[in-house]
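Structural overview
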Amino acid sequence: MTAGIKNITADPSRIKEIRHGTTLGVNTIIERKGARVGLLTTYGFRDLLEIGRQKRPRLYDLRAVRADPLAARDMIMTVHERVAASGAVIKEPESSDIKAAISDFKKKKADAVAILFINSYANDINEKKAFSLMKSQMKDVYFSISSDVIPEFREYERLSTTVLNAYLGPVIKRYIKKLQKELKNNSINPLFFICQSGGGITSAKSTIDYPARTLFSGPAAGVMGAATLFGEEYNNLVTLDMGGTSTDISLIIDHIPVITTNKEIDGFPMKFTTIDVNTIGAGGGSIASIDEGGFLEVGPESAGSDPGPVCYCRGGEEPTLTDANLILGLLDPEILLGGKVKLDINESRSAINKSISGPLEMSLIEGAASIVRVITSNISENIKKMIASAGLDPKEMKLVAFGGAGPMHAAYIAKELGIDEVIIPDNPGVFSAAGLFCSNLMMDFVRTVRGKARIKPFLKEIEKRADLWFERENVKKEQRKSLWSMDIRYYGQNYEINIPVEKKDIIDGSFKKIEDSFHKKHMEAYGHRHMDKKIEIVNLRLRCTGLISIDLKSAIYRSEGRPNKFSRKTRKVFFPDKKTPFKTAIYNKRLIPALKKIEGPAILEEIDSTIVIPPGNTARTDRIGNVIIKPG
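Cut-offs and rules
Residues numbered from 1 in each chain as written. Predicted model: local features only at pLDDT ≥ 70, side-chain atom pairs only at ≥ 80, totals over all residues. Heavy atoms only, no water. Phe/Tyr/Trp six-rings, centres within 6.5 Å; stacked < 30°, edge-to-face > 60°. Helix = DSSP H or I, 4+ residues; strand = E, 2+ residues; numbered from the N terminus. Buried < 20%, exposed > 50% of the residue type's maximum accessible area, 1.4 Å probe, protein only. Contact = heavy atoms within 4.5 Å. Patch = residues over 30% accessible without salt bridge, like charges linked within 9 Å, V, L, I, M, F, W, Y side chains within 5 Å. Areas by Shrake-Rupley, 256 points an atom, 1.4 Å probe, with all protein chains shown as cover. Salt bridge = Lys/Arg side-chain N within 4 Å of Asp/Glu carboxyl O. Lys, Arg positive; Asp, Glu negative; His and termini not counted. Charge placed at Lys NZ, Arg CZ, Asp CG, Glu CD. Pairing = 2+ DSSP bridges. Polar contact = N/O pair within 3.5 Å; in protein donor to acceptor, adjacent residues only side chain to side chain. 1 Å grid on protein atoms, 1.4 Å probe; cavity = no way out; pocket = protein on both sides within 12 Å on 5 of 7 lines; lining within 4 Å. Points joined across faces, edges and corners; volume = space filled by probe spheres on them. Nonpolar A, V, L, I, M, F, W, Y, C, P; charged D, E, K, R; others polar. Domains from an automatic or database assignment. Axes fitted to C-alpha atoms, helices over the stretch in contact; angles between N-to-C directions. Expected span 1.5 Å × (residues − 1). Parallel < 35°, antiparallel > 145°, perpendicular 65-115°, else oblique. Core = buried A, V, L, I, M, F, W, Y, C linked by side-chain atoms within 4.5 Å.

So, about the packing of aromatic side chains. Summed over the entire model, instances satisfying the criterion amount to five aromatic pairs. Where F402 meets F431, the ring centres are 5.0 Å apart and the plane angle is 55 degrees; that geometry is what we call tilted. Taken together, the positions of F402 in strand β20 (residues 398–402) and F431 in helix α14 (residues 431–435) put the pair 29 residues apart, joining distant regions of the chain. Judged by its relative accessible area of 0%, F431 is buried. Geometrically, the ring pair formed by W469 and F470 is tilted, given 5.3 Å between the ring centres and 55 degrees between the ring planes. In terms of burial, W469 and F470 fall into one category: buried.

Here you go:
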């Protein structure tokens, strides 16, 4: 990061603020490079992390193996204690059990300790007693306490989230401290914020306390950017963030990104509020191969960036999507990263002939085109399922495509889905980073209430925690915004619907209005409602926002000063849905003026991405540098 900053400006001291998205959390879990976690839990619940919900990772795969828990069984200790679901303390924790756990964790060199006692969401007194004793004797250990991390019912999900937080804690803390030190050594002393999975940003201190909130921070920033930049003009959007290894898709409905509290990472539930992003193993590095049945498949295995596609000449031997695009002429071998990386088309030809075209008895071009068509179909099917699950039709959506590879494939994906407009934001390869401009300081608070009697006391408790957070983040009162909501269900249901509510309705006890909103939302989601059935208020939630976002439109682009004449050359390009090649116009995207209409076939090239406008498609630039494609 510091090297990049030096390339941007000669005077680092001018930088007043840094907003940072990271994939460190996800990579740490996938690569199993997190902390050595000790878990302290209630006696009799030692195997809860292993048992989980007793469901297979893949429903019809009898041989599927679940990932090993992030806290090994020999690192789990128990305490004789008990709190009832009502919050009543049945038995206080025995100090001898806690001391035995301290001794065991020290002996086994635990880097982090997660503490979860049964029903501590209703009353955290026993957890806090255990934490106080352990903290005094384990000063250099990272602690993750369930009643602080996620005071919400459903023990397994709360346990999983607490352990995830502990597993990531020391890694994220070291990373942030090292980064802050490096910035300071280079005379850079900015405000420093880190993106969360929910689309907001928080200070480094809050991130160290709740590192699991950053698990989906990269994809979340891009979705926030799309919602801010295009959400006012369009009701419903699909975002397509396609990079070298994977593609992230998400929905923006009625101008707002779809969020969830039921996300999983590598099979582990994570209950923090998260923008609902679906990740597909489809990217520029996706490997093409022939399966046992003799059919072509592309991904989910990826060559990654090292060794990368065959054309990188770094040791990769299996053909990838990037190799196919290079052969078709969709990608110029000379322009990657402004010409800093040269691609070898002959290596791509050899790999695709050997692994795909030869065995399938087809031409080199048809083999490459087939790879592109398969990846298009895979992505389109996943988007179709996601849209259908929201009760919408693809024809009601617009597609926003970004990332290094998204603009290259977006027009074909839109055509397959029946979407009539594709929006490519300016600087699409770094749009997720630009999306951080749109983020505000944000933190979510939750308490399980299970009925109406405890709502008002818990409301006051949440407000107190929120005020402390606002103060710690230095948010002025005029910048503070609070949104209340409730998770509600019919009695007997197992899942809830989140309903926005007004604080005054909670204080006044105006539950009739809240119940009417729930019945309406239930009808929209499931096609039926039960007006005569009792409802249950399960969770009370508060989203706190510190309004510090930056105007993305003014921050990333200026159309003034663009030349009236811009460069144009041509090359022969094979498009994956056409039999013959086309003489195709090639433009330097950075030189195209605003409000310019472009007829396909055309390719717009820039340092971070390539935009493909297929034959029969039309495109135009808008006033702030975005490209809008109309599929033919």
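Further remarks concern helix α10 (residues 321–328). Of all the eight residues making up α10, eight are buried; the element is thus mostly covered by neighbouring parts of the structure. Considered for burial, the residues of α10 that qualify are L321, T322, D323, A324, N325, L326, I327 and L328. Where α10 is buried, its residues touch β10 (237–242), β18 (286–290), α11 (345–357), α12 (364–389), α13 (406–417) and β26 (568–573). Of the residues one or two after α10, G329 is the one with positive phi, at around 90 degrees.

Another point: a positive patch on the surface. Taken together, K135, K139, K173 and K177 make up a surface patch of like positive charges. Take K177: it is sitting in helix α7 (residues 155–185). Judged by relative accessible area, which is 46%, K177 ranks as partly exposed.

Let us now look at the pairing of strand β27 (residues 582–588). Of the strand pairs in this sheet, β26 and β27 are connected by six bridges, and their pairing is antiparallel. Residue pairing in the sheet places V573 in a bridge with F582 of β27. Note that β27 and strand β29 (residues 602–606) share four bridges and pair parallel. Bridge pairing in β29 links A585 to A602.

Below, the discussion takes up the side chain of N126. Examined against the element boundaries, N126 turns out to sit in helix α5 (residues 125–137). Judged by relative accessible area, N126 falls into the buried class, the value being 1%. Here K91 takes part through its backbone oxygen, which lies 3.0 Å from a polar atom of the side chain of N126.

Our next topic: the pattern of salt bridges. Once the charged atoms of two side chains with opposite charge are near each other, the side chains can pair. Taken as a whole, this structure holds 39 salt bridges when the rule is applied. Here D426 makes a salt bridge to K589, at a shortest N to O gap of 2.8 Å. One end of the pair, D426, is in the loop between β21 (422–424) and α14; the other, K589, is in the loop between β27 and β28 (597–599), with 163 residues separating them in the sequence. Take D426 and K589: they sit in the same class, and that class is buried. Close ionic contact of E536 with R450 constitutes a salt bridge, the shortest N to O distance being 3.0 Å. Pair noted here: E536 is in strand β25 (residues 535–546) and R450 is in the loop between β22 (441–448) and α15 (455–472), with a separation of 86 residues, a long-range link. We classify E536 as buried; its relative accessible area is 8%.

On to the layout of surface pockets. Here the second largest pocket defines a volume of roughly 820 Å³. Lining the second largest pocket are 37 residues, with D148, K205, D209, Y210 and R472 positioned closest to its centre. By residue class, the composition of the lining of the second largest pocket is 18 nonpolar, three polar and 16 charged. Of the residues that make up the lining of the second largest pocket, three or more belong to each of domain 1 (24–180) and domain 2 (446–546).

This part is about the environment of V501. Along the chain, V501 falls in strand β24 (residues 497–501). Residues V501 and L542 lie 41 residues apart in sequence; the distance between their C-alpha atoms is 9.9 Å.

Another aspect to go through is the sheet that holds strand β2 (residues 37–42). In spatial order, the strands read β3-β2-β6-β7; together these four strands make up an open sheet with parallel pairing. The open sheet has two free edges, formed respectively by β3 (76–79) and β7 (142–145), since each of these has just one partner strand. Along the sheet, successive strands turn relative to each other by an average axial angle of 20 degrees, direction set aside. When strand β6 (residues 112–116) meets β7, the two strands line up parallel, connected through four bridges. Residue pairing for β7: I115 is matched across the bridge by I145. Relative to β3, helix α4 (residues 95–107) is tilted by about 170 degrees, and along the sheet it contacts β2, β3 and β6. Taken strand by strand, α7 contacts β2, β6 and β7, and its axis lies near 165 degrees from that of β6.

This part is about helix α9 (residues 217–230). Given a rise of 1.5 Å per residue, 14 residues ought to cover 20 Å, and the 20 Å separating the end C-alpha atoms of α9 matches this to within 8%. Counting buried positions along α9 gives 13 out of 14 residues, so the element sits mostly inside the fold.

Remark: α11 packs on α12, axes separated minimally by 9 Å, with the N-to-C direction vectors making an angle of 80 degrees. Considered as vectors, α11 and α12 are oriented roughly perpendicular to each other. Contact with α11, carried on its side by R349, I352, N353, I356 and S357, involves L364, G367, A368 and I371 of α12 and no other residues of that element. In the contact of α11 with α12, the residues fall into five nonpolar, three polar and one charged.

Counting 62 residues, the largest nonpolar core has L240, I371, I383, L399, L604 and I629 as the members making the most contacts within it. Look past the residues within four positions of L604 in its chain and what remains in contact with it is Y587, K589, I592, I598, S609, T610, I611, I613 and V627. Core analysis: the second largest hydrophobic core is formed by 43 residues, I18, Y142, Y156 and I194 among them.

Turning our eyes to something else, we now look at unusual backbone geometry. Residues G299 and P300 are joined by a peptide bond in cis, for which omega reads 0 degrees. Residue P601 is bonded to the preceding G600 through a cis peptide linkage, with omega at 5 degrees. Along the chain, P601 falls in the loop between β28 and β29. The residue C313 is not glycine, and still its phi comes out positive at about 60 degrees. Mapped onto the elements of the fold, C313 is located in the loop between β19 (296–302) and α10. Unusually for a residue other than glycine, L595 sits at a positive phi of about 60 degrees. Structurally, the position occupied by L595 is in the loop between β27 and β28.

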